[in-house]
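# Structural description and commentary
Read off the chains here:
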Amino acid sequence: MSAYVIGHLREAAPHPEIAEYMERITATFEPYGGRFLVHGTQHEVKEGGWPGHVVVIGFPGIAEARTWWDSPAYQEIAPLRSRHIEGDIILVPGLPEGYDPASTAKAIREAVSAA
């Protein structure tokens with residue numbers, strides 16, 4: 001089951017350390033099967049606010065995403081970004097093949113009925 005690292009990064013002034021981070025990041029996630037799915041593209045806000053940029057890196061599974069995040073290679077370069085760009089980063093497991101949101105709706109209805 002796929003997994004994703006999703007970053008919501010705020011605007012930042014250009015800095016040489018950010019350029020270095022961007023030059024080095026791909027080499028840190030490729031050994032774990034990671035690849036950019038969204039990076040450096042414009043997004044369209046439909047509800048609420050979402051200032052800044054969106055980054056999505058896909059992995060074969062949540063274990064690979066966690067291992068990449070905790071890897072010495074990534075932890076070595078992470079401060080190059082975090083010193084200059086504020087943001088939120090989450091790891092999210094994907095859904096299994098054949099997922100049906102109706103099953104989640106059923107569970108909600110059952111919980112409401114039991115309350």
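In what follows, the structure referred to is the one given above.
Residues numbered from 1 in each chain as written. Predicted model: local features only at pLDDT ≥ 70, side-chain atom pairs only at ≥ 80, totals over all residues. Heavy atoms only, no water.

The strand order β2-β3-β1-β4 describes an open sheet built from four strands, whose pairing is antiparallel. Only two strands of the sheet have a single partner each, and these edge strands are β2 (35–38) and β4 (87–93). Within this sheet the neighbouring strands show an average axis-to-axis angle of 25°, counted without direction. By the bridge criterion, seven bridges tie strand β1 (residues 3–9) to strand β3 (residues 53–59) in an arrangement that is antiparallel. Each residue of the ladder has a partner; that of Ala3, found in β3, is Phe59. (Pairing = 2+ DSSP bridges. Helix = DSSP H or I, 4+ residues; strand = E, 2+ residues; numbered from the N terminus. Axes fitted to C-alpha atoms, helices over the stretch in contact; angles between N-to-C directions.)

This next bit is on the pattern of salt bridges. Side chains carrying opposite charge are able to pair once their charged atoms draw close together. Across all of its chains, the model carries five salt bridges by this definition. Linking Asp88 and Arg10 is a salt bridge whose minimum nitrogen-to-oxygen distance equals 2.7 Å. With Asp88 in strand β4 and Arg10 in the loop between β1 and α1 (16–29), this residue pair connects regions lying 78 residues apart in the sequence. The class for Arg10 is partly exposed, based on a relative accessible area of 27%. The partner of Glu17 in a salt bridge is Arg83, with the nearest N and O atoms 3.0 Å apart. Here Glu17 is found in helix α1, whereas its partner Arg83 is found in the loop between α3 (72–82) and β4, with 66 residues between them in sequence. Looking at Glu17, the relative accessible area reads 21%, which means it is partly exposed. (Salt bridge = Lys/Arg side-chain N within 4 Å of Asp/Glu carboxyl O. Buried < 20%, exposed > 50% of the residue type's maximum accessible area, 1.4 Å probe, protein only.)

Our focus in this paragraph is the packing of aromatic side chains. Under the criterion given, the structure shown has eight aromatic pairs. With a centroid separation of 6.2 Å and an interplanar angle of 70°, the aromatic rings of Tyr21 and Tyr74 are classed as edge-to-face. One end of the pair, Tyr21, is in helix α1; the other, Tyr74, is in helix α3, and 53 residues separate them in sequence. What makes Tyr74 buried here is its relative accessible area of 1%. Taking 6.2 Å as the distance between ring centres and 75° as the angle between the ring planes, the aromatic pair formed by Phe29 and Trp68 counts as edge-to-face. With a gap of 39 residues between them, Phe29 in helix α1 and Trp68 in helix α2 (residues 62–70) connect regions that are remote in the sequence. The exposure classification of Phe29 matches that of Trp68, with both residues buried. One aromatic cluster is present, built from ring pairs that chain together Tyr21, Phe29, Phe36, Phe59, Trp68, Trp69 and Tyr74. (Phe/Tyr/Trp six-rings, centres within 6.5 Å; stacked < 30°, edge-to-face > 60°.)

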